[in-house]
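Letter by letter, the chains look like this.
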Amino acid sequence: DQQVKQNSPSLSVQEGRISILNCDYTNSMFDYFLWYKKYPAEGPTFLISISSIKDKNEDGRFTVFLNKSAKHLSLHIVPSQPGDSAVYFCAATGTASKLTFGTGTRLQVTL
Amino acid sequence: GAGVSQTPSNKVTEKGKYVELRCDPISGHTALYWYRQSLGQGPEFLIYFQGTGAADDSGLPNDRFFAVRPEGSVSTLKIQRTERGDSAVYLCASSHQGDTGELFFGEGSRLTVL
């Protein structure tokens with residue numbers, strides 16, 4: 001069963017607009033959530049994270065929102081830039097030892 | 001380089017053969033992880049080392065898969081009697097103490113079993 005779900009396999013956004021990537025989870029034991037970004041032929045790179053004690057974390061153009069009651073988190077990128085085009089993975093953990101990843105959303109930022 | 005290094009970057013083998021994949025983590029990182037990413041999927045946890053010991057190997061799919069980290073640095077993932085379903089990108093990651101989930105990934109080793 002898929003404990004972390006990213007239901008949108010792809011998203012296209014115009015440069016300068018907001019990109020919103022969504023993620024849902026089912027395991028209530030998850031208490032720390034992360035977003036990773038992946039370019040082709042590279043490993044995933046850490047982008048931003050949020051602890052379950054918070055509902056928002058911001059880092060420059062990237063903001064992650066967490067709604068624990070809905071078991072939902074989202075990543076907002078504003079303004080979107082062409083270099084943001086990549087696959088974004090949502091991940092969750094309840095222990096230090098393993099991350100559970102979603103299937104990813106491919107973001108394309110068009111000019 | 002300063003990042004996680006994985007070799008080989010590509011490996012093509014025949015069904016039934018034995019394969020070793022190597023990971024050289026970031027210097028000083030005590031935690032090391034192996035993940036596997038199949039086409040169209042997210043990375044899937046295989047095993048976690050803290051120092052030399054496997055602290056969590058619950059993600060290894062069966063006993064054909066084994067990993068070692070004898071000196072607490074370089075790790076080798078070993079796959080015996082490879083099957084076509086083992087074809088995937090095998091990702092290694094490391095972190096300083098393994099307590100935040102913020103992992104540094106290598107570029108992966110793409111394994112193709114014919």
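For the structure, see preceding data.
Cut-offs applied
- Residues numbered from 1 in each chain as written.
- Chains lettered and ligands numbered in written order.
- Predicted model: local features only at pLDDT ≥ 70, side-chain atom pairs only at ≥ 80, totals over all residues.
- Heavy atoms only, no water.
- Helix = DSSP H or I, 4+ residues; strand = E, 2+ residues; numbered from the N terminus.
- Rg over C-alpha atoms; globule rule 2.2 N^0.38 Å.
- Buried < 20%, exposed > 50% of the residue type's maximum accessible area, 1.4 Å probe, protein only.
- Contact = heavy atoms within 4.5 Å.
- Areas by Shrake-Rupley, 256 points an atom, 1.4 Å probe, with all protein chains shown as cover.
- Lys, Arg positive; Asp, Glu negative; His and termini not counted.
- Charge placed at Lys NZ, Arg CZ, Asp CG, Glu CD.
- Disulfide = S-S within 2.5 Å.
- Buried area = accessible area lost by both parts, 1.4 Å probe.
- Salt bridge = Lys/Arg side-chain N within 4 Å of Asp/Glu carboxyl O.
- Polar contact = N/O pair within 3.5 Å; in protein donor to acceptor, adjacent residues only side chain to side chain.

Chemist: Lay out the overall build of chain B in plain terms, naming residues and giving numbers.
Modeler: Check the secondary structure of chain B and you find zero helices and 11 strands. Listing each helix as α and each strand as β along chain B from the N terminus yields β-β-β-β-β-β-β-β-β-β-β. Against the compact-globule benchmark of 13 Å for 114 residues, chain B has a radius of gyration of 13 Å, which places it among compact chains. Seen through its C-alpha atoms, chain B measures out along the principal axes to roughly 35 × 25 × 25 Å. For chain B, the proportion of its 114 residues judged to be buried stands at 46%. Taking the intrachain contacts of chain B between residues at least 6 apart in sequence as the baseline, contacts between residues at least 24 apart amount to 54%. Of the roughly 5500 Å² of accessible surface on chain B, a fraction of 46% belongs to carbon and sulfur atoms. Between the mean site of the 11 positive side-chain charges and the mean site of the 13 negative ones, chain B shows a separation of 10 Å.

Chemist: Please provide a residue-by-residue account of the overall build of chain A, values included.
Modeler: Helices and strands together make up the secondary structure of chain A, namely zero helices and 11 strands. Its helices and strands in sequence order give chain A the pattern β-β-β-β-β-β-β-β-β-β-β, from N to C terminus. Radius of gyration (C-alpha) of chain A: 13 Å, near the 13 Å computed for a compact globule of 111 residues. Projected onto its principal axes, the C-alpha coordinates of chain A cover approximately 40 × 30 × 20 Å.

Chemist: Quick one: what's the story with the state of the cysteines, residue by residue and with numbers?
Modeler: Put plainly, a disulfide is one covalent bond tying together the sulfur atoms of two cysteines. Residue and element names in this part refer to chain A. Counted according to the given criterion, the structure contains two disulfides over all chains. Covalently, Cys 23 is tied to Cys 90 through a disulfide, its sulfur atoms 2.0 Å apart. Disulfide Cys 23-Cys 90: the torsion about the S-S bond is -75 degrees, which places it as left-handed. Here the residue Cys 23 occupies a position in strand β3 (residues 19-25), and Cys 90 occupies one in strand β9 (residues 86-93), the gap between them amounting to 67 residues.

Chemist: Break down the interface of chain B and chain A for me, with residues and values.
Modeler: On the side of chain A, 18 residues touch chain B, which itself brings 21 residues to the contact. Regarding the contact of chain B and chain A, the summed buried area is about 1500 Å², with carbon and sulfur atoms giving 56% of it. Among the residues chain B hides against chain A, the three largest losses belong to Pro43(B), Glu102(B) and Phe105(B). Together they make up 28% of the total. Inspection of the region where chain B meets chain A yields one salt bridge. Asp56(B) is paired through a salt bridge with Lys98(A); the nearest N and O atoms lie 3.9 Å apart. Linking chain B to chain A there are four residue pairs in polar contact (both at pLDDT 80 or more).

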